[in-house]
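In case you want the letters, here they are:
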Amino acid sequence: MNWIEVNGTSLRYDVSGAGPSTLVLIHEMGGTLDSWDQVLPALNHSRVVVRHDTRGAGLSEKIKGSVTWHQMADDVAALLDALGLRGKVALGGIAVGAAIAVHFAVRYPERAAALVLHGPAVGVNADRRQATLDRAAAVEAGGMRAVVETSLANSYPLVVRHDAAVFAAFRARWLGNDPASFAAINRMLAAESIAHELGRIACPALLTAGRHDGLRPPSVIEPMAEQVPGGQYLTLNSGHFASVQTPGLVAQAMHSFLHAAGL
C-alpha cells in the first residue's frame, strides 16, 4: 500500500494489474479499499486497477468538519493525475462510492469511460433526512458501536452472512471507522442529493442492486437505472456490501460489462 497527499488530503491507495485500460474502484461508506480484496483478482488480470481509502476512511486523512461531493470526486481526479493516469478510466463503486463515481463522471465527463454502480447512494429522500442526521449525531456521541447493530441488520442481513469469519472481520473493520468522518459523510448525503446527475451520465453505465439490500433494494435502484441514458440494470443475489458478501457475483458483473465495452 502507498500514501500520497493530493487535493489537500492524504490518501492511502493501491495500484495493481496491467493492461490497456484502467479501472478505479471506490468503496462504500464505512468501508476501505480492502472491501475490494476478493473482487480484485478477477479484475486486475487484464487491466490496471486503482483503489483508495476515500477521504475520512481507513488509513486516509480524517475529516475535520464537513465534506462535499466535489471534494470526493476531485480526490479521485487528483490521485489519477498524480499517478500519471490522465486518460479515460472506468469506475466501479458501492453505495456512496458508486455515487462518487457518478459525480466524477458528470464533473469530468472527458475522463469517464464507463460506470458499474452497485446500490448508488446519491442522497437521501426528504423523509429520511432527519434520520440520517440523527445517525450522524449518534455516532459522534457514542462511536460506531452506537449504530452497528441497526446498520448491519439492513446492510449485512443474516441471509448474506455466508461465512461467519468474513462477517466477523467486516464487522470489526467497520467498528474501526473514525466517528467524526463517518458522521461527516452522512451529513454530506443529507445536505445534497445528486440524483439529478444520473440523467447527465454520458458514458456506458450498469447499475446493480442486491436482492437482500435493506437500504438500496432493487425497487429503488432499477428506476434509477432508467434515468441514465442507455443505462443497464442487473439484480444480484446479494446485499448492500456486495463486494464483500458476494465478490464472485460482483466480479463477474463488472468484468462482463467492462469487457463488452472494450475495457
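For the structure itself, look to the data block above.
Computed from a prediction, not measured in an experiment: that's the story for all the values here.

## What about the side chain of D53?
No. 1: Within the element layout of this structure, D53 appears in the loop between β4 (48-52) and α2 (69-82).
No. 2: In this structure D53 comes out as buried when scored by relative accessible area, which is 0%.
No. 3: One polar contact links the side chain of D53 to the main-chain amide nitrogen of L33, over a distance of 2.8 Å.
No. 4: Setting aside chain neighbours within four positions, we find D53 in contact with L11, R12, H27, T32, L33, G58, L59 and S60.

## A look at the layout of surface pockets
No. 1: In this structure, the largest pocket encloses a volume near 820 Å³.
No. 2: Along its surface, the largest pocket is lined by 30 residues, and V124, R128, T132, L215 and R216 are the ones closest to its centre.
No. 3: Secondary-structure elements contributing two or more residues to the lining of the largest pocket are α4 (126-142), α5 (148-155), α7 (179-191) and α8 (218-227).
No. 4: Within the lining of the largest pocket, the residues separate by chemical class into 16 nonpolar, eleven polar and three charged.
No. 5: Counted as a void, the second largest pocket has a volume near 180 Å³.
No. 6: Secondary-structure elements contributing two or more residues to the lining of the second largest pocket are α6 (164-175) and α9 (242-245).
No. 7: Here the lining of the second largest pocket gets four residues from one element, more than from any other, and that element is α6.
No. 8: Counted by class, the lining of the second largest pocket contains five nonpolar, three polar and three charged residues.

## Let's talk about a nonpolar patch on the surface
No. 1: On the surface, M1, W3 and L59 cluster together to form a nonpolar patch covering roughly 340 Å² of accessible area.
No. 2: Positionally, L59 belongs in the loop between β4 and α2.

## Details of α6
No. 1: In this model, α6 (twelve residues) spans 16 Å end to end at C-alpha, consistent with the 16 Å of a helix rising 1.5 Å per residue.
No. 2: In this structure, the buried residues of α6 make contact with α4, α5, α7 and α9.
No. 3: Two or three places before A165, at the start of α6, stands the capping residue D163, its side-chain oxygen 2.9 Å from that residue's backbone nitrogen.

## Section: the pattern of salt bridges
No. 1: All told, the structure shown has nine salt bridges when counted by the stated rule.
No. 2: A salt bridge links D53 to R12; the nearest nitrogen and oxygen atoms lie 2.7 Å apart. On the criterion of sequence distance, the pair formed by D53 in the loop between β4 and α2 and R12 in strand β2 (residues 9-16) is long-range, its members being 41 residues apart.
No. 3: The exposure class assigned to R12 is buried, which follows from its relative accessible area of 7%.
No. 4: D37 is paired through a salt bridge with R51; the nearest N and O atoms lie 2.8 Å apart.

Basis of the calculations
- Residues numbered from 1 in each chain as written.
- Predicted model: local features only at pLDDT ≥ 70, side-chain atom pairs only at ≥ 80, totals over all residues.
- Heavy atoms only, no water.
- Helix = DSSP H or I, 4+ residues; strand = E, 2+ residues; numbered from the N terminus.
- Buried < 20%, exposed > 50% of the residue type's maximum accessible area, 1.4 Å probe, protein only.
- Polar contact = N/O pair within 3.5 Å; in protein donor to acceptor, adjacent residues only side chain to side chain.
- Contact = heavy atoms within 4.5 Å.
- 1 Å grid on protein atoms, 1.4 Å probe; cavity = no way out; pocket = protein on both sides within 12 Å on 5 of 7 lines; lining within 4 Å.
- Points joined across faces, edges and corners; volume = space filled by probe spheres on them.
- Nonpolar A, V, L, I, M, F, W, Y, C, P; charged D, E, K, R; others polar.
- Patch = residues over 30% accessible without salt bridge, like charges linked within 9 Å, V, L, I, M, F, W, Y side chains within 5 Å.
- Areas by Shrake-Rupley, 256 points an atom, 1.4 Å probe, with all protein chains shown as cover.
- Salt bridge = Lys/Arg side-chain N within 4 Å of Asp/Glu carboxyl O.
- Expected span 1.5 Å × (residues − 1).

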